[in-house]
Every structure is written in structure tokens, then in C-alpha cells.
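This is what each chain is made of:
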Amino acid sequence: MNELYLDIETIPANSEAIRAYIAATVKPPATYKKPESIAEWYKEQAPAAIDEAMAKTGLDGAFGHVCVIGYQFEDNASQVVYGLDEAEVLTRFNTMLDNDIPRAMHSAVKVVGHNVLSFDLRFLVQRHMVNGIPPHPVINVAVNSKAWDNKAYDTMTQFAGYGNRISLDKLCLALGVESPKGEIDGSMVAKYVADGRIDEVAAYCMRDVAATKAVYQRMTFS
């Protein structure tokens, strides 16, 4: 198999329609029983609860957006595509994969990433659907990968076990791999992008790709 190392960065929704949808679903805690207490909660605490729920859409493929995609195919030069026009990012990503991976090799590619099955691949395909852009065949096959078909390798699951978690940073430390973390981590991506620092997010994504490749090679003794 030929490895495609993959990592994405995502940001929350910024649509007023989505904010309105979330606002309609936000409810006070069940402990609030009195009408006046409920009214006070909606006045004083609901705005913060809506903001928090909006921030969480960065992890929700239905509403959040892909802003950076980094990858490396085999030992080729690493690549990154990023921007605030999600449809353009997804389209360019497809084109870049076409340029890097010959069609005859599509069936022999394994996508490698950290939490790639539960997050990166699923989120990517969901955003392709939302934008009406067919995902690249390699991505479309890998997203539904089963353990026996060797189309995806999730470093988190392979190390921690199904249903368990370990951060990439912690796994790097355990395996003696240089950590990709610097001044930025995943929790800061939305703020960096909002501040116009998406270039730094792209550089961080590429460090994650490099770390994922090194971790994979340690884990597979390759």
C-alpha cells in the first residue's frame, strides 16, 4: 500500500441561519423550574450558551468549515491548501490529489492520520456533500474503511484501542517523536483564523502531518 498522510483544520459556522437554529435549540438546565427563573436564564445566560454551541460547530461536519488541508503522499513533498472559501479549498484539494496520485494507484492508497476515521475523513466527506463537490475517490473509499480492508490507518485508535483516546502530542512524547505543537494547538485554530493568521494555522497543520508520518512509521516499525 501507498500511504497518504492527512490532517485538516476546521472552524465554526458563521451563518446567521445556523445561529438562529442553535438559539432555538438552547434550553436552560432541567433544574430550572420556575417561569421567572427560566426567563432570567434566557436573558442572562442564553447568549453565552449560544456562543458556546456555535464554537462547537467547528467539530461538526454539518455546520463547521474546513479551512486547511495538509497532506503528504508517500515521500513526496508535503502539500497544504487553505483559505476561507471552503468550496475552493475542497476543489483545489481534489485537483492536488489528482496531480500527486495516478488514477491507477487509487486502489492501493491507505490514508493515515490521527483520529482520521472518526474526524478528518468523515468531516471532509460531510463538507464535500454540503458543498456539492464529490470527494476524491481515495478519500471516498477511506472514509468507510474497515479494519480488514487496509484503506485507512488511525494512529489514535491503533495505539489507544477502539473507543479510547490519546492526543497526538502525548503519542509523540511516548514514541520519541518531535511534537508538532508550538505556540498554537487545535483549540486556538478558530481564533487564529479570525485574527487573519491562517498562514500560521497552515504551518501548524503541516507539522501535524509530519508528526503523524513519524508516529505511523514508529508504530508500524517501518
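Scope of this entry: the structure provided in the associated data block. All of these numbers come straight from a predicted model, not from anything done at the bench. (Residues numbered from 1 in each chain as written. Predicted model: local features only at pLDDT ≥ 70, side-chain atom pairs only at ≥ 80, totals over all residues. Heavy atoms only, no water.)

## Description of helix α5 (residues 116-131)
In an α-helix, one full turn covers 3.6 residues, which means residues spaced three or four apart are oriented alike.
Part 1 of the reasoning: Its axis deflected by about 30° at Arg 122, α5 carries its strongest bend there.
Part 2 of the reasoning: Those residues of α5 not exposed but buried are Val 116, Phe 119, Asp 120, Leu 121, Phe 123, Leu 124, Val 125, Arg 127 and His 128.
Part 3 of the reasoning: Against β1 (2-11), β2 (65-73), α4 (86-100), β4 (109-113), α6 (137-142) and β5 (152-154) lie the buried residues of α5.
Part 4 of the reasoning: Of the residues flanking the end of α5, it is Gly 132, one or two places downstream, whose phi is positive at about 70°. (Bend = angle between axes of the 7 residues up to and from the residue. Helix = DSSP H or I, 4+ residues; strand = E, 2+ residues; numbered from the N terminus. Buried < 20%, exposed > 50% of the residue type's maximum accessible area, 1.4 Å probe, protein only. Contact = heavy atoms within 4.5 Å.)

## Some details on the environment of Leu 171
Part 1 of the reasoning: Assignment of secondary structure puts Leu 171 in helix α8 (residues 168-175).
Part 2 of the reasoning: For the pair Leu 171 and Thr 212, spaced 41 residues apart in the sequence, the C-alpha separation amounts to 9.6 Å.
Part 3 of the reasoning: Not counting residues up to four positions away in its chain, the partners in contact with Leu 171 are His 114, Thr 155, Phe 159, Ile 166, Val 215 and Met 219.

## Regarding the packing of helix α1 (residues 16-25) against helix α3 (residues 46-56)
Part 1 of the reasoning: Contact geometry for α1 and α3: axes closest at 10 Å, N-to-C directions at 125°. Classed by the angle they form, the pair α1 and α3 counts as oblique. Of the two possible hands of crossing, α1 and α3 adopt the one that is right-handed. In contact with Ile 18, Arg 19, Ile 22 and Ala 23 of α1, α3 contributes Ile 50, Asp 51, Ala 53 and Met 54.
Part 2 of the reasoning: Class assignment for the residues of the contact of α1 with α3 results in 6 nonpolar, no polar and 2 charged. (Axes fitted to C-alpha atoms, helices over the stretch in contact; angles between N-to-C directions. Parallel < 35°, antiparallel > 145°, perpendicular 65-115°, else oblique. Left-handed = near helix turned anticlockwise from the far one by under 90°. Nonpolar A, V, L, I, M, F, W, Y, C, P; charged D, E, K, R; others polar.)

## Some details on the packing of helix α2 (residues 35-44) against α3
Part 1 of the reasoning: Remark: α2 packs on α3, axes separated minimally by 4 Å, with the N-to-C direction vectors making an angle of 55°. Classified by the angle between their axes, α2 and α3 sit oblique to one another. Facing α2, whose interface residues are Trp 41, Tyr 42, Lys 43 and Glu 44, α3 presents Ala 46, Pro 47 and Ala 49.

## Here's the deal with the nonpolar core
Part 1 of the reasoning: In this structure, Leu 4, Leu 6, Ile 69, Phe 93, Leu 121, Leu 124 and Ile 139 are the most contacted members of the largest nonpolar core, which totals 28 residues.
Part 2 of the reasoning: Only β1, β2, α4, β4, α5 and α6 provide two or more residues apiece to this core.
Part 3 of the reasoning: Considering each element in turn, this core owes the most residues, 6 residues, to α5.
Part 4 of the reasoning: Aside from chain neighbours lying at most four places away, what touches Ile 69 is Leu 6, Asp 7, Ile 8, Gln 79, Val 80, Val 81, Val 89, Leu 90, Phe 93, Leu 124 and Cys 205.
Part 5 of the reasoning: Ranked by size, the runner-up nonpolar core spans 15 residues in total, among them Val 112, Met 156, Val 209 and Val 215. (Core = buried A, V, L, I, M, F, W, Y, C linked by side-chain atoms within 4.5 Å.)

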